[in-house]
Amino acid sequence: MIIASDPAVIAELCGARALRKLSLRQIAPTVALGALPPEETLRLLRRSGHAPVAVSSDGTIKAESAPRRRLPVEAADRHDDAAAATAILQGGKTSTTDEALAMAAVTGEVIVIV
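Residues numbered from 1 in each chain as written. Predicted model: local features only at pLDDT ≥ 70, side-chain atom pairs only at ≥ 80, totals over all residues. Heavy atoms only, no water.

**What about the sheet that holds strand 2 (residues 25-28)?**
So, point 1. Strand order across the open sheet formed by three strands is 1-3-2, with antiparallel pairing between neighbours. Two strands close off the open sheet at either side, each with one partner strand: strand 1 (2-3) and strand 2.
So, point 2. Here strand 1 pairs with strand 3 (residues 31-33) via two bridges, running antiparallel. Across the sheet, I2 pairs through a bridge with A32, a residue of strand 3.
So, point 3. Set on the sheet, helix 1 (residues 7-15) makes contact with strand 1, strand 2 and strand 3; between it and strand 2 the angle comes to about 155°. (Pairing = 2+ DSSP bridges. Helix = DSSP H or I, 4+ residues; strand = E, 2+ residues; numbered from the N terminus. Contact = heavy atoms within 4.5 Å. Axes fitted to C-alpha atoms, helices over the stretch in contact; angles between N-to-C directions.)

What follows is the structure, encoded as structure tokens:
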């Protein structure tokens with residue numbers, strides 16, 4: 001069951017081509033019934049750009065945790081950065097962006113590269 005405070009939202013959802021799989025039918029101005037389980041209904045509504053929330057039978061909003069995705073992290077070679085920063089601190093000039101970033105990492109100074 002989908003409930004919305006605005007009847008136009010229910011009419012829009014029932015007529016949306018992207019949501020045909022839900023087989024929505026409007027049974028009241030602000031209520032529609034669908035053929036799929038709640039989890040699948042939520043997934044399809046979100047995929048089509050809506051922001052639905054699940055509500056339990058007692059009317060409380062069900063808390064959902066977002067799936068976490070972690071990107072692989074490459075180990076940084078700190079030895080090279082430290083060596084470059086040391087050379088810079090001993091009087092060398094920064095000639096590359098990498099050297100300037102290494103210097104900023106060691107000194108904590110803000111740098112702007114244009």
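**Quick look at the nonpolar core**
So, point 1. Grouped together as the largest cluster of nonpolar side chains are ten residues: I2, A4, I10, L13, L19, L22, L24, A32, L44 and L45.
So, point 2. Those elements that place two or more of their residues in this core are helix 1 and helix 2 (38-47).
So, point 3. Sequence-distant contacts of L22, that is, excluding residues within four places in its chain, are made with G34, A35, L36, T41, L44 and L45. (Core = buried A, V, L, I, M, F, W, Y, C linked by side-chain atoms within 4.5 Å. Buried < 20%, exposed > 50% of the residue type's maximum accessible area, 1.4 Å probe, protein only.)

**Overview of the layout of surface pockets**
So, point 1. In this model, the largest pocket occupies a volume close to 630 Å³.
So, point 2. Forming the walls of the largest pocket are 24 residues, and the residues nearest its centre are M1, I2, L42, V53 and A54.
So, point 3. Mapped onto the lining of the largest pocket, the elements with two or more residues apiece are strand 1, helix 1 and helix 2.
So, point 4. Here the element with the most residues in the lining of the largest pocket is helix 2; it accounts for five residues.
So, point 5. Broken down by class, the residue content of the lining of the largest pocket amounts to 18 nonpolar, three polar and three charged. (1 Å grid on protein atoms, 1.4 Å probe; cavity = no way out; pocket = protein on both sides within 12 Å on 5 of 7 lines; lining within 4 Å. Points joined across faces, edges and corners; volume = space filled by probe spheres on them. Nonpolar A, V, L, I, M, F, W, Y, C, P; charged D, E, K, R; others polar.)

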